[in-house]
Amino acid sequence: MSIAVCPGSFDPITFGHLDIVRRAARLFEVVVVGVARNASKSALLTPDERIEVVRGALAEDPDLAAVRVEPVPGLLVEFCRQVGASAVVKGLRGGADFDGEHPMALMNRHLSGVETVFLPAEQRYAHVASSLVKDIARYGGPIDDLVPPAAAEAVRAAVAHRA
Ligand code: ADP
């Protein structure tokens, strides 16, 4: 059985992330979305909120109902071993993403043999980043065409109560 992990912080999940998960689900028999718990200090949503929002977003898409969502408590390669994944799937928006991802892909293969599959970002989402979504929301701007409804709601609530 071919199993892949789509990892990230998903603070919040965006339509760009969802596109990568959808495409990974066409390539692999089982896809597990791994939500990193070691969020940076700038995380807006708590780890539990991020997981809940990812689950809500996947539930809105019938093609993604079978995709599992789990926290990644430590090293990604250890998580891959636990779920039996032979590959990590990551989206690349451009050269900057590649520069960041390339050493991680090499290191993960060094550590465990797990391969990384890079998918080029869908053009219409290539400018979409969680950090920009949060910036827009903090200034009261529109985010509904960038993130799924569950994410927009959670971000707006967090910005209103935690800003
Ligand atoms: P991290 O927090 O690890 O920097 P994210 O959680 O934002 O990463 O994203 C996880 C993965 O999704 C990364 O591989 C990133 O390149 C990819 N990604 C983020 N935004 C998009 C997008 N709009 N289109 C395609 N891939 C994306």
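All of these numbers come straight from a predicted model, not from anything done at the bench. (Residues numbered from 1 in each chain as written. Predicted model: local features only at pLDDT ≥ 70, side-chain atom pairs only at ≥ 80, totals over all residues. Heavy atoms only, no water.)

For this particular structure, what's the right way to read the packing of aromatic side chains?
Two measures describe an aromatic ring pair: the distance that separates the ring centres and the angle between the ring planes. A complete count under the given rule lists two aromatic pairs for this structure. Between Phe98 and Phe118, the aromatic rings sit 6.1 Å apart at their centres with planes inclined by 70 degrees, giving edge-to-face as the arrangement. With Phe98 in helix 4 (residues 95–112) and Phe118 in strand 5 (residues 115–120), this pair connects stretches of sequence that are 20 residues apart. According to the relative accessible area criterion, Phe98 is partly exposed, its value standing at 33%. (Phe/Tyr/Trp six-rings, centres within 6.5 Å; stacked < 30°, edge-to-face > 60°. Helix = DSSP H or I, 4+ residues; strand = E, 2+ residues; numbered from the N terminus. Buried < 20%, exposed > 50% of the residue type's maximum accessible area, 1.4 Å probe, protein only.)

Looking at this structure, how should I read the environment of Val117?
With respect to the secondary-structure elements, Val117 resides in strand 5. Judged by its relative accessible area of 27%, Val117 is partly exposed. In sequence terms Val117 and Ser42 are 75 residues apart; their C-alpha atoms lie 27 Å from each other.

Mind showing me how you'd approach a nonpolar patch on the surface here?
Together, Leu75, Met107 and Leu111 make up a nonpolar patch on the protein surface, roughly 300 Å² of accessible area in all. Mapped onto the elements of the fold, Met107 is located in helix 4. (Patch = residues over 30% accessible without salt bridge, like charges linked within 9 Å, V, L, I, M, F, W, Y side chains within 5 Å. Areas by Shrake-Rupley, 256 points an atom, 1.4 Å probe, with all protein chains shown as cover. Salt bridge = Lys/Arg side-chain N within 4 Å of Asp/Glu carboxyl O.)

Is there a simple way to explain the packing of helix 2 (residues 47–59) against helix 6 (residues 149–162) in this structure?
With their axes 8 Å apart at the nearest point, helix 2 and helix 6 run at an angle of 155 degrees to one another. Accordingly, the angle class assigned to the pair helix 2 and helix 6 is roughly antiparallel. Every residue of helix 6 that contacts helix 2 at Glu49, Val53, Gly56 and Ala57 is listed here: Ala150, Ala151, Ala154 and Arg162. Here the residues of the contact of helix 2 with helix 6 are counted per class, giving five nonpolar, one polar and two charged. (Axes fitted to C-alpha atoms, helices over the stretch in contact; angles between N-to-C directions. Parallel < 35°, antiparallel > 145°, perpendicular 65-115°, else oblique. Contact = heavy atoms within 4.5 Å. Nonpolar A, V, L, I, M, F, W, Y, C, P; charged D, E, K, R; others polar.)

For this particular structure, what's the right way to read the sheet that holds strand 1 (residues 3–8)?
Sheet strands associate in pairs through backbone hydrogen bonding, adopting either a parallel or an antiparallel arrangement. As summarised here, the arrangement of the five strands in space is 3-2-1-4-5, forming an open sheet in which the pairing is parallel. In the strand order of this sheet, the two ends are held by strand 3 (68–72) and strand 5, each with one partner. Taking each pair of neighbouring strands and ignoring which way they run, the sheet shows an average axis angle of 35 degrees. Here helix 1 (residues 15–27) sits on the sheet and contacts strand 1, strand 2 (30–36), strand 4 (87–92) and strand 5; the angle it forms with strand 5, its principal contact strand, is near 125 degrees. (Pairing = 2+ DSSP bridges.)

Please explain the nonpolar core as it appears in this structure.
Burial of nonpolar side chains together is a common tendency in soluble globular proteins. Judged by nonpolar contacts, the single largest core of 38 residues is most densely connected at Ile13, Val21, Val33, Val54, Leu58 and Val89. The greatest single-element share of this core, amounting to six residues, is contributed by helix 6. Among residues more than four places away in sequence, those in contact with Leu58 are Leu18, Val21, Val33, Leu64, Ala65, Val67 and Val69. If you look at the next biggest cluster of nonpolar residues, it comprises 13 residues, including Leu76, Val83, Ala85 and Val114. (Core = buried A, V, L, I, M, F, W, Y, C linked by side-chain atoms within 4.5 Å.)

I'm lost on helix 1 in this one. Help?
Helix length check: helix 1, at 13 residues, gives a terminal C-alpha distance of 19 Å against a target of 18 Å (1.5 Å per residue), a fit within 8%. Among the residues making up helix 1, those that are buried are Gly16, Leu18, Asp19, Ile20, Val21, Arg23 and Ala24. The secondary structure elements touched by the buried residues of helix 1 are strand 1, strand 2, helix 2, strand 4 and strand 5. With a side-chain oxygen positioned 3.1 Å from the backbone nitrogen of Gly16, the residue opening helix 1 is Thr14. (Expected span 1.5 Å × (residues − 1). Polar contact = N/O pair within 3.5 Å; in protein donor to acceptor, adjacent residues only side chain to side chain.)

Geometric descriptors of this kind do not, in isolation, establish any biological role.
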